[in-house]
Structure formats: structure tokens, C-alpha cells
Amino acid sequence: MRPSTGAVTFCFVIVLDSNQLRHVLPGKPLYGLLSAVARRAGHTLATTDVVLAEVVRQRREDLGAALKAWTEAGFEARRLMITDRHQIGGLAVHPQQLHGRRRRITYEQSAELETRLRAAFLVLNTLPEDALLAILMEAQHLPPCEHGRGARDATIYLTTLRAAVAPEISASGEALPLMFVSQDGDFSRFDLPEGRELDALREVRVLHQRTVVATLNALGFPKSSAKADDVVARPEFQQALIDAITNSPIMPPRLLRQAQEAAEVRIRRLAGGPAESCTGDGVTVTSMTGEWSIRFVEQVMPPRLDGRPGGYRGFPMRAEGTALLVDGPPHPPSVELNSLVLSFPDR
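Values in this document were obtained by computation on a predicted structure and should not be read as measured data.

Calculation rules
Residues numbered from 1 in each chain as written. Predicted model: local features only at pLDDT ≥ 70, side-chain atom pairs only at ≥ 80, totals over all residues. Heavy atoms only, no water. Phe/Tyr/Trp six-rings, centres within 6.5 Å; stacked < 30°, edge-to-face > 60°. Helix = DSSP H or I, 4+ residues; strand = E, 2+ residues; numbered from the N terminus. Buried < 20%, exposed > 50% of the residue type's maximum accessible area, 1.4 Å probe, protein only. Polar contact = N/O pair within 3.5 Å; in protein donor to acceptor, adjacent residues only side chain to side chain. Contact = heavy atoms within 4.5 Å. 1 Å grid on protein atoms, 1.4 Å probe; cavity = no way out; pocket = protein on both sides within 12 Å on 5 of 7 lines; lining within 4 Å. Points joined across faces, edges and corners; volume = space filled by probe spheres on them. Nonpolar A, V, L, I, M, F, W, Y, C, P; charged D, E, K, R; others polar. Expected span 1.5 Å × (residues − 1). Axes fitted to C-alpha atoms, helices over the stretch in contact; angles between N-to-C directions. Parallel < 35°, antiparallel > 145°, perpendicular 65-115°, else oblique. Salt bridge = Lys/Arg side-chain N within 4 Å of Asp/Glu carboxyl O. Left-handed = near helix turned anticlockwise from the far one by under 90°.

Visitor: Looking at this structure, I do not really get the packing of aromatic side chains. What am I missing?
Guide: Each aromatic ring pair is characterised by the separation of its centres together with the angle its planes make. Applying the stated rule across the entire model yields 7 aromatic pairs. Site record: aromatic cluster; members linked through ring pairs are Tyr157, Phe180, Phe187 and Phe190.

Visitor: Is there a simple way to explain the side chain of Asn338 in this structure?
Guide: With respect to the helices and strands, the residue Asn338 is situated in strand 11 (residues 334–343). Judged by its relative accessible area of 6%, Asn338 falls in the buried class. Among the polar contacts listed, one links the side chain of Asn338 to the side chain of Arg22, at a separation of 3.2 Å. A polar side-chain atom of Asn338 sits 2.9 Å from a polar atom in the side chain of His23. Apart from residues lying up to four places away in sequence, Asn338 is in contact with Asn19, Arg22, His23, Gly321 and Thr322.

Visitor: Can you walk me through the environment of Ser334 in this structure?
Guide: Within the secondary structure, Ser334 is located in strand 11. With relative accessibility at 31%, the residue Ser334 sits in the partly exposed group. For Ser334 and Leu324, which are 10 residues apart along the polypeptide, the C-alpha to C-alpha distance reads 8.2 Å. Not counting the four nearest positions on each side in its chain, Ser334 is found in contact with Leu324, Leu325 and Val326.

Visitor: Would you take a moment to explain empty space enclosed by the protein for this structure?
Guide: This structure, assessed with the given rule, holds 2 cavities of 30 Å³ or more. Taken as a whole, the largest cavity spans an internal volume of roughly 50 Å³. What lines the largest cavity is simply His23, Lys28, Pro29, Leu324, Val326, Ser334 and Glu336. Within the residue set of the lining of the largest cavity, elements represented by two or more residues are strand 10 (312–327) and strand 11. The class makeup of the residues in the lining of the largest cavity is 3 nonpolar, 2 polar and 2 charged. Estimated volume of the second largest cavity: approximately 30 Å³.

Visitor: How do you make sense of unusual backbone geometry when you look at a structure like this?
Guide: Between Pro143 and Pro144 the backbone carries a cis peptide bond, its omega angle lying at 10 degrees. With respect to the element layout, Pro144 can be found in the loop between helix 5 (128–139) and helix 6 (151–163).

Visitor: Sorry, what's going on with helix 10 (residues 235–246) here?
Guide: In an α-helix, one turn spans 3.6 residues; hence positions three or four apart end up facing the same way. Here helix 10 contains 12 residues, and its C-alpha end-to-end distance of 16 Å stays within 8% of the 16 Å for a straight helix at 1.5 Å per residue. Burial in helix 10 covers these residues: Phe237, Gln238, Ala240, Leu241, Ile242 and Ile245.

Visitor: Please clarify how the packing of helix 3 (residues 49–80) against helix 6 should be interpreted in this entry.
Guide: When two helices pack together, their arrangement is given by the angle between the helix axes and the distance between those axes. Remark: helix 3 packs on helix 6, axes separated minimally by 8 Å, with the N-to-C direction vectors making an angle of 130 degrees. Taken together, the axes of helix 3 and helix 6 are oblique relative to one another. Mapping the contact onto sequence places Val50, Val51 and Glu54 in helix 3 and Arg152, Thr155 and Ile156 in helix 6. Split into classes, the residues belonging to the contact of helix 3 with helix 6 amount to 3 nonpolar, 1 polar and 2 charged.

Visitor: It is not clear to me how the pattern of salt bridges should be interpreted in this structure. Could you clarify?
Guide: Oppositely charged side chains may form a pair once their charged atoms are brought near each other. By the definition in use, this model includes 17 salt bridges. Among the salt bridges present, the one from Arg202 reaches Asp199, with a minimum N-O distance of 3.3 Å. Taken together, the residues span about one helical turn, with Arg202 and Asp199 both in helix 7 (residues 199–202) at a distance of 3 residues. For Arg202, a relative accessible area of 36% puts it in the partly exposed group. One salt bridge connects Asp229 with Arg269, and the closest N-O pair in it is separated by 3.0 Å. Here Asp229, found in helix 9 (residues 228–232), pairs with Arg269, found in strand 7 (residues 264–271); they are 40 residues apart in sequence, far enough to count as distant. Overall, Asp229 belongs to the partly exposed group, its relative accessible area being 44%.

Visitor: Explain the packing of helix 5 against helix 6 here, please?
Guide: Where helix 5 meets helix 6, the axes come as close as 8 Å, and the angle between the chain directions of the two elements is 135 degrees. As the angle between them shows, helix 5 and helix 6 are arranged oblique. The interaxial crossing formed by helix 5 with helix 6 has right-handed handedness. Across the interface between the two elements, Asp130, Ala131, Leu133, Ala134, Ile135, Met137 and Glu138 of helix 5 pack against Ala151, Ala154, Thr155, Leu158 and Arg162 of helix 6. Taken together, the residues of the contact of helix 5 with helix 6 sort by class into 8 nonpolar, 1 polar and 3 charged.

If you want it as C-alpha cells, here you go:
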């Protein structure tokens, strides 16, 4: 699908914050779509050195945790097996071998991710004076650091502003804006300190987009609304939410055991706006923010004597956050959850 008529035809830089860069890592269908759109229009995909470091660190930690769980599961499976004749899940290495190589694998893989990111994105380097300014903004409680934290966000945004000081110029001689893509709304409250040396940063033009879906729409791909209830009902979304809950470090051990032993999981939407979808080049991306009810059911109880439902054994909980679903054949549908906040009973 080509951009609709009226699509942007001039060139500018698109800078992605960490909460959006995670969705468009090289090799993912969404990266293929966004990079193809940007390439056709001559736009440059970029990020900052701080964002790159954060995304690489997150990948290293996530992979390390996954390999640790894989190792422990392998040891437990071998302990429970009577003979050694069976190969579990086609594992290429013994759990003990994986245990010894886990640290090296995580660092090699994260280093490879950094290499690919640097090849796929223009990396904007933070100037030392901007890093110092961000720390001073945090010390002075200037928005978005009014609560004495947020120097990292301020650094990212200052680096973005700096990249827009010398903008691309359109054929009509107009300075073209830079597009900054972040779901963090704090950037709209950015308040530079007084000082003539910062006048150049005050005058730059930055277009804010909250999501990659909104960015694609701004680049000319039509955006449509989708029923959030239909998205929540999708098996891929429900499984991703269950996995995020059971892998959460704040999950109480008592509830984690109940969740793992649940015979049924019931998920429904409680609040949130409609889902937004955008389709292009064979890829459909859907973004949704909401609050969801999750019930881990161990056993359904028989009806009461008065005819009312008997309820269930298990526990309810809630989750709220943002989901991004990507359908891009031949790849299976993928779901990523961001900014997930969990609330448990009796806590």
C-alpha cells in the first residue's frame, strides 16, 4: 500500500525514543515498514546514544533472564527424567553448558544488537554541555524534572533539539521540522532554563508523535480505528499479557503459583480508548492503551443453593499499559507490552 495523496514529500529526521525504538528493531516487520517509508521519502531514521544504550541494556537483561529460566528448567527436567535418552525441545546444548556460557551469550548478543542499531539508525551523540544542563534541570526541578528526577529524559530531548538547530531546508526555503517519536508525554512540558546561549534551542521546530502508528499516519499512511475489545480477544494479546504478568519481578510468589496452576485465564477490557491501526507494505500495526481485568481461575465452583453462580477459586488482578501488535506475514503476529502497571488483591 502506498501513502495516500497528500503524503509528506520533503525530508527530515525522525528520532525515536526508547519506548518506540524497541518496537522497530532491525529484523522486525515494523522496522521493515518504517524504514521503507522513510527511505522512499528520503527521511532519516535516528535515535540518541542514551536511547541506544538503554535499549541494548534492556535486551541484555531480558535475554539473561530468559537464558537463566531456560537453564533452570533444563536442570529440573533432567532431574525428573528417569533416563537420559530423550532430548528436550531439541535443545542443542546441555543445561550445564548453557549455564557456563550464559554471560558470554548475553554480551555477544547485545553487542550484535548494538552493531545492527548503529547500522540502521543515525545515532545522535549527546554533547557534554547538554548532559550537564540536564543534570542542572533535574537539580532545579525544571519540567519534566520537577520531581527531582528525569535527567535522562532531558538529555535525550536536548540531544534531539540540538539535531534540529541546523534543519533540512525545503525547496521553498522553509526550515523542515524534526519529528520526535515518544509515548512519554513529559516532553511536551519541557522548560529550558534562562540564558541567551540556549536561544537557538528555543527556536527549533519539533513535531511530537506518540507512537509509530501516528508517525506512519503523519507520513501519509491512513490510520483507522479498531475495536479494542476485538484486540483484547486475540490469543496473541492474551498470551503476551499472561507471559508479562507471570514473568513480572513484582509478582507475589503465592499468586505466581496460583497463576501457573490456573486451569483458565479470563481477560477483558476495563477502560481505554479505541485501538489505532495502520497498514502498509503488507504489515499491519495496531496500537492500544488500556486497562484490563485478568482472572486466574483454578476451579469453577458449583452454583449456590439460591441459584446464583458459585464463583471460582483463584484470584483477580488488573493491568494497564500500552500494547503494540504487528501482523506481517510470513512472520507470526507479535505483541509487545510497554509501561505495564500491575495491581494485585490485598496489596
